[in-house]
Amino acid sequence: MDHVPPSRHSERLARLERTIQHEIVPRLMTSHRVGPVSPAMLSAATRVLSERDVAAFVAAVRSQHEGHSAEFIRAVLDEGATVEAVYLDLLAPSARRLGALWDADECDFVEVTVALGRMQRLLRDLSQVFLAEAGQSEPVGNVLLTCVPGEQHTLGIIMVGEFLLRDGWRVLVGAPWSDSDLPSMVAADWYDVIGFSVGTENRLAVLRRDIRRLKSASKNPNVQVMVGGQLFADHPELADQVGAQAIAADARSAPVVARSLLAAARVSTAGRLPPEGLAEHGQFREALRRD
């Protein structure tokens, strides 16, 4: 250090001070819960996920070595990324990028299916940590999540289900059932909200038909419907056309949207109310069709 010019010595000290102030101290405070952490410090302690991370993760999840994607997730978590950020800023945009690669014929259906399957397993592995981040929530209501027949991938609705579960909802989530399954399910159990995910415009006629049939068969005469997917984000006017009451733009907004529908869903009609205890907190069922 005796041979370092004073100007460079000062520069190094300044960099060290910034590192301690904006990275080391916030991480220590977050890890050990020592007093309140300011938003600025919390932001500094959080690993921000970028487009470069998305590209690297897509490469990992497409790799022949299944463990590469899990190693990537562990690395960004160790660097300070939150599980919520991994869900919304890594898994979700990676799924969209895989879809774009498929549309551009840069990868085939099998490769996309394998990659999304890996991502779905990673999401399940992260579930307990994600749910623990928010602590315990009061029971809210009951929601059924699905997508229309012909939609192949369920990563998006499973992610929405995670956010709803963390908010206190009782959730049933699954891939498309048969034409008779869904009406039977909503006739047997009370659901406040039914959520549909749709990826392509050519499925809108089927969605409109299914919403009409489910509302007619539902044990809850005031069941509310919310829809999601890029199609509705780009064309929100389509929600009214298919008979939905609201749009969830992404997984983070889904609990807020669902709660906004709850009052209308719980309006009493001839004394028909949800069975007591149906919305116990922490219940999550996944009914993915494997056939």
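Below: a short report on this structure. (Residues numbered from 1 in each chain as written. Predicted model: local features only at pLDDT ≥ 70, side-chain atom pairs only at ≥ 80, totals over all residues. Heavy atoms only, no water.)

**A short note on the layout of surface pockets**
Within this model, the largest pocket holds a volume of roughly 1400 Å³. Lining the largest pocket are 42 residues, and of these Arg96, Ser197, Gly199, Gly229 and Gln230 sit closest to its centre. With eight residues, the single largest contributor to the lining of the largest pocket is helix α5 (residues 83-103). Classifying every residue of the lining of the largest pocket gives 21 nonpolar, 14 polar and seven charged. (1 Å grid on protein atoms, 1.4 Å probe; cavity = no way out; pocket = protein on both sides within 12 Å on 5 of 7 lines; lining within 4 Å. Points joined across faces, edges and corners; volume = space filled by probe spheres on them. Helix = DSSP H or I, 4+ residues; strand = E, 2+ residues; numbered from the N terminus. Nonpolar A, V, L, I, M, F, W, Y, C, P; charged D, E, K, R; others polar.)

**Here we look at the packing of helix α3 (residues 51-61) against helix α4 (residues 67-78)**
Across the interface, α3 lies against α4 with an axial gap of 7 Å and an inter-helix angle of 150°. As the angle between them shows, α3 and α4 are arranged roughly antiparallel. Within the contact between the two elements, α3 uses Asp53, Ala56, Phe57, Ala60 and Val61 and α4 uses His68, Ser69, Phe72 and Ile73. Classifying every residue of the contact of α3 with α4 by side-chain character gives six nonpolar, two polar and one charged. (Axes fitted to C-alpha atoms, helices over the stretch in contact; angles between N-to-C directions. Parallel < 35°, antiparallel > 145°, perpendicular 65-115°, else oblique. Contact = heavy atoms within 4.5 Å.)

**Describing the environment of Val256**
Looking at the element boundaries, Val256 is found in helix α12 (residues 254-265). The class for Val256 is exposed, based on a relative accessible area of 59%. Each C-alpha atom of the pair Val256 and Asp167 lies 9.1 Å from the other, and the pair is 89 residues apart in sequence. (Buried < 20%, exposed > 50% of the residue type's maximum accessible area, 1.4 Å probe, protein only.)

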